[in-house]
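Secondary and tertiary structure notes
Here is how the chains run, residue by residue.
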Amino acid sequence: MIKIHLKDDRFEADVRAMVQAFYPKTLLYVVKDKTCLEEQKLKVTEPVDFTLDVDTALDDKNELKRNLYRDLSLRTGKKLPWGTLTGIRPTKIPMKLINEGISDDEILRHLSEKYLVRRDKAELSVNIAHAEHEILGQVGKDTYSLYIHIPFCRTRCAYCSFTSFPVKAYEDMMIPYVEAVIKELTYIADKKGRKPATIYIGGGTPTALSKDALRKLINKVAELFYHDNLLEWTVEAGRPDSIDEEKLHILKSAGVSRISINPQTMNQATLDIIGRNHSVDDIYHAYDMAVNAGFTNINTDLIMGLPNEGISEVKHTLSCIERLEPANLTVHSLARKHNADMTINDRAYEDYALNDTEEMMAASMETAKKLNLKPYYLYRQRAMSGNQENIGFAKSGYEGYYNILIMEEYHSIISAGAGAITKIVDVPGHLNKRIENVKDVNDYIKRIDEMIERKEGI
Ligand code: SF4
């Protein structure tokens, strides 16, 4: 355990994130001057490796982070690829500077000097900022996107931190849930009076809905929101065991333009460890069905750093992906979320190795290059394996608009469904207001009128 001594509350989140990035597996314990006495009362059973005194008297957060970075780098002999950048989108800074007309060379120097970002990561973020900039240029400013949340999954994946409800226990709730969502969507359609630029149906696994429920929802969305200039309509069909020919036909005939079929890994042993409950063959079969149904824009998600996976397992997965040739590939570094089964029941996973993802991310980039997929969006989360990043790659013209629109807070996202969050953006890049729906499915159905009322006045 590392004890972190802070004088006050300022910069606590930044300090925690930075220390955890250098010591990903070590428990942190923060003590502030005012809580020192209370500390005596707490039963801290773990031995303290060392105490870190952080001088929060510095007003310049970046200077404080640079000092802390250098201290931790000396202690560990490590350097972080993204330097002191924690809690901020890596493209945010280059994006802002590109908009101000600053040259790429100057942006790279700024990222290196002010945030200690490694050269290759700085170049990646600048290249992606340019790609995002170009894509956003195609979306009118006075637009919005529609998001619909379907919080059902067949089983729970070990790394998942989303709220999702098991299909088996909620089978009877699917039609009432979809009816409540449709009520909210009808209100949105009436109120907005104009169609969205993009539609995204996510979850959970939207295709885990029963056929009847899926058909009802998709046909209504098409009736209310489809138009000829819709830039994109994505439906996450994440789990290959959630789709069949009929469900794919429902999506395709309604106008869905992009789906996700997410292997995460193509190693059966790992699929079993992470509780996916389906086979590698199911992934190939689902992918073939989607191609045969006419989908040309298919995204495949992969996770680097899954339990017991090293570079050879990842290379195997990547060679399978090369055979599939998806138009979109999204590569995540495993993030340890506090409410994921892997964290809650960590003892059940302690025999599995969790390897650094740096080499794995590099191998993914090679595969993306071979497939002619270019990086177009990038984000980082807390507690990411190897302090790496998540990158979306796409064939030219197949980039996922919604991903960028929400990441860059470019326009408002009006959302429906349990746990869905509406984000109001008046000026691109500035989130003005968040309106949250209740997360529980039963609650959502019962309180649908209240969910609608919450949207009044936006
Ligand atoms: S399919 Fe996605 S949402 Fe469902 S449990 Fe797995 S990670 Fe979570």
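Predicted model only: the values in this text are computed from it and were never measured.

Taken together, 3 strands build an open sheet; the order of strands is β2-β1-β3 and the sheet is parallel. If you trace the sheet from one side to the other, it starts and ends with β2 (28-32) and β3 (50-54), each paired once. Direction aside, the axes of adjacent strands within the sheet are offset by 25° on average. As paired elements, strand β1 (residues 2-6) and β2 share 5 bridges and run parallel to each other. Bridging across to β2, Ile-4 finds its partner in Val-30. The strands that helix α1 (residues 12-22) touches are β1, β2 and β3; relative to β2, the one it contacts most, it runs at about 150°.

Quick look at the side chain of Ser-125 now. With respect to the secondary-structure elements, Ser-125 resides in helix α6 (residues 119-136). Relative accessible area serves as the criterion here: at 1%, Ser-125 is assigned to the buried category. Among residues more than four places away in sequence, those in contact with Ser-125 are Trp-82, Pro-90, Thr-91, Pro-94, Leu-111 and Leu-378.

Let us now look at the environment of Thr-86. Within the secondary structure layout, Thr-86 lies in the loop between α3 (61-76) and α4 (92-99). The spacing of Thr-86 and Ala-122 is 36 residues in sequence and 14 Å in space, taken between C-alpha atoms. When residues no more than four places from it in sequence are discounted, the contact partners of Thr-86 are Asp-14, Ala-17, Met-18 and Lys-65.

Taken together, Cys-153, Thr-155, Arg-156, Cys-157, Tyr-159, Cys-160, Phe-162, Gly-204, Thr-205, Arg-239 and Arg-276 form the complete shell of residues around the ligand. Of the residues assigned to the shell around the ligand, the class counts are 5 nonpolar, 3 polar and 3 charged.

Phe-152, Leu-185, Phe-225 and Trp-233 are the most contacted members of the largest nonpolar core, which has 111 residues in total. Top element by residues in this core is helix α8 (residues 174-192). It accounts for 10 residues. Not counting the four nearest positions on each side in its chain, Phe-225 is found in contact with Tyr-144, Leu-146, Leu-185, Ile-188, Ala-189, Lys-195, Pro-196 and Ile-199. Core analysis: the next-biggest nonpolar cluster, separate from the first, contains 21 residues, Val-19, Tyr-23, Leu-28 and Leu-72 among them.

This brings us to the domain arrangement of the protein. Per the domain assignment, the segments making up the protein are domain 1 (1-78) and domain 2 (144-446). The C-alpha centroid of domain 2 is placed 35 Å from the C-alpha centroid of domain 1.

It is worth spelling out helix α5 (residues 104-115) at this point. With 12 residues, α5 should cover 16 Å at 1.5 Å per step; its first-to-last C-alpha distance of 16 Å lies within 8% of that length. Taken as a whole, α5 has its buried residues at Ile-107, Leu-108, Leu-111 and Tyr-115. Down the axis of α5, the smallest arc covering the buried residues is 100°, so these residues share one side. In this structure, α5 carries Asp-105 and Glu-113 as exposed residues pointing more than 90 degrees from its buried face. Turning to α5, the residues buried within the fold contact α3, α4 and α6.

On to the packing of aromatic side chains, then. Within the structure shown, the criterion is met by 13 aromatic pairs. A ring pair is formed by Tyr-377 and Tyr-379, whose centres lie 5.9 Å apart and whose planes are at 25°; its orientation type is stacked. On the basis of relative accessibility, which here comes to 6%, the residue Tyr-377 falls in the buried class. Judged by relative accessible area, which is 18%, Tyr-379 ranks as buried. In textbook terms, an aromatic cluster arises when at least three aromatic residues are bridged by ring pairs, as seen for Phe-152, Phe-165, Tyr-170, Tyr-177 and Tyr-444. Above the plane of the ring of Tyr-144 lies Lys-192, whose end atom (NZ or CZ) is 4.6 Å from the centre. Over the ring of Phe-295 we find Lys-252; its NZ or CZ atom is 5.3 Å from the centre of that ring.

Cut-off values and rules
- Residues numbered from 1 in each chain as written.
- Predicted model: local features only at pLDDT ≥ 70, side-chain atom pairs only at ≥ 80, totals over all residues.
- Heavy atoms only, no water.
- Pairing = 2+ DSSP bridges.
- Helix = DSSP H or I, 4+ residues; strand = E, 2+ residues; numbered from the N terminus.
- Axes fitted to C-alpha atoms, helices over the stretch in contact; angles between N-to-C directions.
- Contact = heavy atoms within 4.5 Å.
- Buried < 20%, exposed > 50% of the residue type's maximum accessible area, 1.4 Å probe, protein only.
- Near = heavy atom within 4 Å.
- Nonpolar A, V, L, I, M, F, W, Y, C, P; charged D, E, K, R; others polar.
- Core = buried A, V, L, I, M, F, W, Y, C linked by side-chain atoms within 4.5 Å.
- Domains from an automatic or database assignment.
- Expected span 1.5 Å × (residues − 1).
- Arc of directions from axis to C-beta.
- Phe/Tyr/Trp six-rings, centres within 6.5 Å; stacked < 30°, edge-to-face > 60°.
- Lys NZ or Arg CZ within 6 Å of the ring centre and 35° of its normal.

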